[in-house]
Amino acid sequence: MCNKYNIDYLEEKCLKYIWQNGDAVLKSDSFCDLCHDCFAKVIEADQLNASEESVLKASIAWSEAECRRQGREVTPENRRSVLGESMHLIRYSKIDPTYFVQKMSLSNLLTEAEEIKIYRSFIVRNQDVSPFKSNHRLGTHKTKVTVNRFDNICYVKQKCYYVEEIVGFGRGRSTTQRRRHLCVFYEGITFCLNASAELQGFQFYGYLQSSDHSSVTYSVTASVCDASTDDVIPGSEINKKISSSNVVYDVDFPSPIQLARDIQYNLTVTITMPQRFTECEDVNCLQGANGKSVVSHGWFTCSFYDYKKCKHLKGDNHTSVLTGQIPGLKFLL
């Protein structure tokens, strides 16, 4: 209506609301009722707070509705025709590669040559994809990517370190001290990125008995350092308790850590078993197997190396490229 009566301030207010609530608006039935000019203003905006997958899905739905409004058969050719130049406003290179492969080929919206151009952009960063737009939208959230490096897992018996801890009981003069032994595992892996990214956290396998499926709480300390200097990356030191009944435990840093490309980093993790396990000489635990030294997610690549010895690891490391307790790293791209 604001477009019809040329009320600029009202149009600006409407667009601002749409941009701020992008995902919800794109999924609404009324989005398909927009005229072509309004449709294009929505999807071309860098401020649009929506995933590119949502933009693509909404654009296909709008094009089908527009074909019906014009009395045309819904075909890939007619969808391209009603979209016109606005189909270049969709940032195909920012779509999740798996989603693109599974959905785009079925839609037949792009030509074979155009699809190949987008596929290349998933492998080679900053690949030219013109005439399609390729910059990130300012309003979008970063993509969460978990880099998993193991193809298989297995149960192994593993010895842990026993660390003596002195614990005080009581108050004042009646305080007594007792010694207790804690079962501790030391784990570390070295990694390097082909592009700057934020490290959100990591995963580790729990040291569970195979018959025990109850929730288990571990004490976890961890840090990330530059492998060449041993300097700890600010914000990467954590000491927290993690509980889960799953075999894979997720550990997040208080805030994502900014990491640079082509620098080797050490992830150092110390895991303390719950007290009820401290009498076990051997622990039957899950461990990754057939580890990969290079894992890629589209254009993003993480390379793994055996841990570079540094002062932050206090005992023998059980984790390597091929095996170990750290199956994945969690990134924001």
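Bear in mind the structure is a predicted one, so any value in this text is a computation, not a measurement. (Residues numbered from 1 in each chain as written. Predicted model: local features only at pLDDT ≥ 70, side-chain atom pairs only at ≥ 80, totals over all residues. Heavy atoms only, no water.)

1. Notes on helix α6 (residues 97–107)
Stated formally: A simple rule labels every residue: compare its accessible area, found with a 1.4 Å probe on the protein chains alone, to the largest value its type can have, and call it buried under 20%, exposed over 50%, or partly exposed in between. Note on conventions: DSSP H or I runs of at least 4 residues are helices, E runs of at least 2 residues are strands, and numbering of each starts at the N terminus. Throughout, the arc means that of the directions going from the helix axis to the C-beta atoms. In this description, contact between two residues means that some pair of their heavy atoms is separated by no more than 4.5 Å. Side-chain atoms alone can form a polar contact between residues adjacent in sequence; in general such a contact is a pair of N or O atoms within 3.5 Å, and within protein one must be able to donate a hydrogen while the other accepts it.
All buried positions along α6 are accounted for by Phe100, Met104 and Ser107. Each buried residue of α6 sits inside an arc of 60 degrees when the element is viewed along its axis, so together they form one side. On its buried face, α6 sits against α4 (52–69), α5 (76–83) and α7 (112–123). Sitting at the head of α6, Asp96 places a side-chain oxygen 3.1 Å from the backbone nitrogen of Thr98. Phi for Asn108, located one or two positions after α6, is positive at around 55 degrees.

2. Overview of the sheet that holds strand β13 (residues 328–332)
Rules: Each pair of strands is called paired provided DSSP finds at least two bridges between the two strands. To obtain each axis, a line is fitted to C-alpha atoms, and for helices this fit is confined to the stretch in contact; angles are then taken between N-to-C directions over 0 to 180 degrees.
Pairing within the open sheet is antiparallel, and its 4 strands lie in the order β1-β13-β5-β8. The outermost strands of the open sheet, each flanked by one partner alone, are β1 (144–148) and β8 (248–259). When strand polarity is set aside, the average angle formed by the axes of neighbouring strands in this sheet is 20 degrees.

3. What to know about the packing of aromatic side chains
Defined as follows: Aromatic pairing here means that ring centres of Phe, Tyr or Trp (its six-membered ring) are within 6.5 Å. Orientation follows from the plane angle: under 30 degrees is stacked, over 60 is edge-to-face, and everything else is tilted. A ring is scored as having a charge over it whenever the NZ atom of a lysine or the CZ atom of an arginine sits within 6 Å of its centre and within 35 degrees of its normal.
Enumeration over the complete set of coordinates arrives at 14 aromatic pairs. An angle of 90 degrees between the planes, with centres 5.5 Å apart, marks the rings of Phe100 and Tyr119 as edge-to-face. Within this pair, whereas Phe100 is found in helix α6, its partner Tyr119 is found in helix α7, the two being separated by 19 residues in sequence. Ring geometry for Phe150 against Tyr205: centres 6.3 Å apart, planes inclined by 25 degrees, an arrangement best described as stacked. In this pair, Phe150 sits in strand β2 (residues 150–159) while Tyr205 sits in strand β5 (residues 197–205), placing the two residues 55 residues apart along the sequence. Each member of the pair Phe150 and Tyr205 is classed as buried. Three or more aromatic residues joined by ring pairs make a cluster, and in this case those are Phe191, Tyr265, Trp299, Phe300 and Phe331. We note Arg149 situated over the ring of Phe304; from NZ or CZ to the ring centre the distance is 5.4 Å.

4. Quick look at unusual backbone geometry
With the exception of glycine, most residues fall at negative phi, and the peptide bonds are largely trans. In this model, Ser130 is joined to Pro131 through a cis peptide bond whose omega is 15 degrees. Its place among the elements puts Pro131 in the loop between α7 and β1. Even without being a glycine, Asn108 presents a positive backbone phi close to 55 degrees. Among the structural elements, Asn108 can be located in the loop between α6 and α7.

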